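In case you want the letters, here they are:
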Amino acid sequence: MGDVMKTQLVSAIQLQEVELQEKPADKQQGSKDPHDGVSGDGDGDGGDDGDEDDEDDDGFSTETFSVEEAVETIGFGRFHILLFLIMGSTNIVEAMEIMLLAVVSPEIRCEWHLQDWQVALVSMMVFLGFMVCGVLSGYLADRYGRWKVVFGGFVWSAYFSLLTSFAPSYGWFIFLRSMVGCGVAGVSQGFVLKTEFIPARYRPVLLPLATIFWMLGSMLIIILGMLVVPTLGWRWMIRLSVTPSIILIFLFKFIPESARYDVSAGNVSAALETLQRIAKMNRASLPPGRLEEPMVQQRGSWRILLGSSFRTTSLLLWFSWFVASFTYYGLVLSSSELLEKNLLCVTDPDRDHLVKHQNQDGLCHCISFQLRDYQTLLISCLGEVALVPLNICLLNVLGRKMCMTLLQLGAAIAFMLLNICTTMFGFTALLFLLRSLVSMNFNVVYIYTAEVYPTVARSLGMGFCTSFSRIGGMIAPFIAQVLMSQSVILALSPFAVACVICALGNFLLPIETRGRALLSS
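These notes cover the structure that comes with them.

The rules we used
Residues numbered from 1 in each chain as written. Predicted model: local features only at pLDDT ≥ 70, side-chain atom pairs only at ≥ 80, totals over all residues. Heavy atoms only, no water. Helix = DSSP H or I, 4+ residues; strand = E, 2+ residues; numbered from the N terminus. Buried < 20%, exposed > 50% of the residue type's maximum accessible area, 1.4 Å probe, protein only. Contact = heavy atoms within 4.5 Å. Areas by Shrake-Rupley, 256 points an atom, 1.4 Å probe, with all protein chains shown as cover. Axes fitted to C-alpha atoms, helices over the stretch in contact; angles between N-to-C directions. Parallel < 35°, antiparallel > 145°, perpendicular 65-115°, else oblique. Left-handed = near helix turned anticlockwise from the far one by under 90°. Disulfide = S-S within 2.5 Å. Nonpolar A, V, L, I, M, F, W, Y, C, P; charged D, E, K, R; others polar. Polar contact = N/O pair within 3.5 Å; in protein donor to acceptor, adjacent residues only side chain to side chain. Core = buried A, V, L, I, M, F, W, Y, C linked by side-chain atoms within 4.5 Å. 1 Å grid on protein atoms, 1.4 Å probe; cavity = no way out; pocket = protein on both sides within 12 Å on 5 of 7 lines; lining within 4 Å. Points joined across faces, edges and corners; volume = space filled by probe spheres on them. Salt bridge = Lys/Arg side-chain N within 4 Å of Asp/Glu carboxyl O.

## Describing the overall build of the protein
And then number 1: Counting secondary structure elements, the protein contains 22 helices and three strands.
And then number 2: For the protein, the residues scored as buried account for 58% of the 521 residues in total.
And then number 3: Counting only contacts in the protein whose residues sit at least 6 apart along the sequence, the fraction spanning at least 24 positions is 85%.
And then number 4: Carbon and sulfur atoms provide 64% of the accessible area of the protein, an area that totals close to 21,700 Å².

In structure tokens, the structure reads:
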């Protein structure tokens, strides 16, 4: 019996010696294998400062942390200010490209003698390009990274927007604008990239504040129209509007790839490097231990969106996005149309107020924007940010679902009030309020979508949602720019009805994301 015990003891000692010899090789492989995790600390030196109690016998930290825990531990700092300024500026580009349609419509109507449906077709083609490329950009962002898609969207939209200014005919114009819409779809993925870096407790404040940049973009294109169109023409206005995109192309190098994406793709070392860089900029520390999250093979799959966990949410969200875009762009184009055709307070416009393109002489009746019209559009743009403090309070107190419900009901009431005859000041004030409501709702829908889906399908979910929203954007011009000439109340009623139905859908959403961590899978 004693010999047996001696034999077992010798075997155990030999086995331990073999394991100790293999450890150096395993240690080197462990630093390269994303599934084994990567150590990290706030100083970015690889995490060698852990306590002895947190390490096993071979010097490895037994503690691990996720990207979500790292983002929450680092908190808010200088990196997030830089992120807010650069990524928020993407909204300037998107707003300028979309609002350009409202400013340039009267000019191309005159230059190419367009009918109402042809003017509406321009807006529709932009949203068609956005819709087609929305899902594609979401899929590419989940498969190959958010940064690449957003940067490519900048270059694409700037290039084709510049080409638009040289369009020799109406056909070329609508084709090139549809290509711009495709690029803007990639730029919109910047919202996902930005959201994935912001701690949960700061999202209800920082994300609504990004509306400031959308307002600046809207105001900038209107100011360009007011200063440039009367002197140099609409083509030079478009050329100058490309400037912010070119500037952002060079600034975008300061924004890293999403650490959440890198981890889901198995590139843990890149994610750790990004988190260490953020921690250094914020003068903070990473959690003790090593970054460890499993690689996810099924990324960017539509089956996740329609699985049992998200099916109801996805269907209701798609309709909510459809209505958000339908009402927002419907309002922008309606206000432009009401001012251009002088349809204010007129439910049955007479011949002097209607713009007829089938005149006896075959010429187009041109009505360009006057200074007062530009001023009215500028004031309405301020509505984008006027109620942001209220929006932040509603998000924190009532949550995302109830906030969207109340905003849609308020917008429905305001749309119907536009039918009431009032003074120009009254119309401007009502337009200001309505712009605030639909803008706030669009912002909350963006926030909810980025929070509700997991990292492996967040960009695809956003892509599907933005595509459905562009269907609403495609329909809106034919209501706001074609039907408006027949009857103001008939044109505004669909927007009000859609808001009421959407408010009910928002109330029935099964998931509330207020204060919830972003899901990884």
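## Digging into the packing of helix α4 (residues 90–111) against helix α10 (residues 211–228)
And then number 1: Direction vectors running N to C along α4 and α10 enclose 40 degrees, while the axes themselves pass 7 Å from each other. Overall, the two elements α4 and α10 adopt an arrangement that is oblique. As α4 runs across α10, the sense of the crossing is right-handed. The residues of α10 that touch α4, namely those facing N91, I92, E94, A95, M96, M99, L100 and V103, are F213, W214, L216, G217, S218, L220, I221, I222, L224 and G225.

## Focus: the state of the cysteines
And then number 1: Using the criterion set out here, one finds one disulfide in the structure.
And then number 2: What pairs with C133 in a disulfide is C182, and their sulfur atoms sit 1.7 Å apart. Looking down the S-S bond of the C133 and C182 bridge, the torsion is -80 degrees, so its handedness is left-handed. Remark: C182 occurs in helix α7 (residues 170–187) and C133 occurs in helix α5 (residues 116–144); sequence separation between them is 49 residues. Pair check on accessibility: C133 and C182 agree, each one buried.
And then number 3: Take C499: it sits in no disulfide, and the sulfur closest to it among the cysteines is that of C502, at 7.2 Å.
And then number 4: Residue C499 is classed as buried on the basis of its relative accessible area of 0%.

## Considerations on helix α11 (residues 234–241)
And then number 1: What α11 keeps buried is the set W234, M237, I238, R239 and S241.
And then number 2: At its buried positions, α11 is contacted by α4, α6 (146–164), α7, α10 and α12 (243–251).

## Observations concerning unusual backbone geometry
And then number 1: A positive phi is found at H113, a non-glycine position, where the angle reads about 55 degrees.
And then number 2: Inspection of the secondary structure puts H113 in the loop between α4 and α5.
And then number 3: When its relative accessible area of 48% is taken as the criterion, H113 is described as partly exposed.
And then number 4: Of note in this structure, R283 is not a glycine but carries a positive phi near 55 degrees.
And then number 5: Note on placement: R283 falls in the loop between α14 (268–282) and β3 (290–291).

## Quick look at the packing of α4 against α11
And then number 1: At a minimum axis distance of 10 Å, the contact between α4 and α11 shows a crossing angle of 165 degrees. One element, α4, and the other, α11, form an angle in the roughly antiparallel class. Seen along the crossing, α4 lies across α11 with a hand that is left-handed. Residues M96, L100, V103, V104, E107, I108 and E111 of α4 lie in contact with α11, whose contacting residues are W234, R235, M237, I238 and S241.
And then number 2: Class assignment for the residues of the contact of α4 with α11 results in eight nonpolar, one polar and three charged.

## Some remarks on the side chain of S157
And then number 1: Assignment of secondary structure puts S157 in helix α6.
And then number 2: According to the relative accessible area criterion, S157 is buried, its value standing at 0%.
And then number 3: A distance of 2.8 Å separates a polar side-chain atom of S157 from the backbone oxygen of G153.
And then number 4: When neighbours within four sequence positions are excluded, S157 is seen to be in contact with E97, V180, G183, V184 and V187.

## Focus on the environment of F319
And then number 1: Mapped onto the elements of the fold, F319 is located in helix α16 (residues 311–340).
And then number 2: Remark: the alpha-carbon pair of F319 and I501, spanning 182 residues in sequence, is separated by 9.5 Å.
And then number 3: Leave out the neighbours within four places in its chain, and F319 touches I501 and C502.

## Describing the nonpolar core
And then number 1: Counting 146 residues, the largest nonpolar core has F173, I222, M237, L275, L291 and F415 as the members making the most contacts within it.
And then number 2: With 15 residues, helix α20 (residues 424–452) is the single largest residue contributor to this core.
And then number 3: In this structure F173 touches V104, I108, W112, V122, T164, A167, W234 and I238, once residues within four positions along its chain are discounted.

## Here we look at empty space enclosed by the protein
And then number 1: Counting across every chain of the model gives four cavities of 30 Å³ or more.
And then number 2: For the largest cavity, the calculated volume is near 270 Å³.
And then number 3: Lining the largest cavity are 19 residues, with N91, W214, F442, N443 and Y446 sitting closest to its centre.
And then number 4: Of all the secondary-structure elements, those providing two or more residues to the lining of the largest cavity are α4, α8 (190–195), α10, α16 and α20.
And then number 5: For the lining of the largest cavity, the residue count by class is eight nonpolar, seven polar and four charged.

## A word on the pattern of salt bridges
And then number 1: In total, this model carries ten salt bridges according to the counting rule given.
And then number 2: Across the pair R177 and E97 runs a salt bridge whose closest N-O atoms are separated by 2.9 Å. With a gap of 80 residues between them, R177 in helix α7 and E97 in helix α4 connect regions that are remote in the sequence. Per residue, the accessibility class of R177 equals that of E97, and both read buried.
And then number 3: Residue R146 pairs with E196 through a salt bridge whose shortest N-O separation is 2.7 Å. Of this pair, R146 sits in helix α6 while E196 sits in the loop between α8 and α9 (203–209); the two residues are 50 residues apart in sequence, bridging distant segments of the chain. Pair check on accessibility: R146 and E196 agree, each one buried.
And then number 4: Each member of the salt-bridge network shares a partner with another, and the members are D142, R146, E196 and R458.

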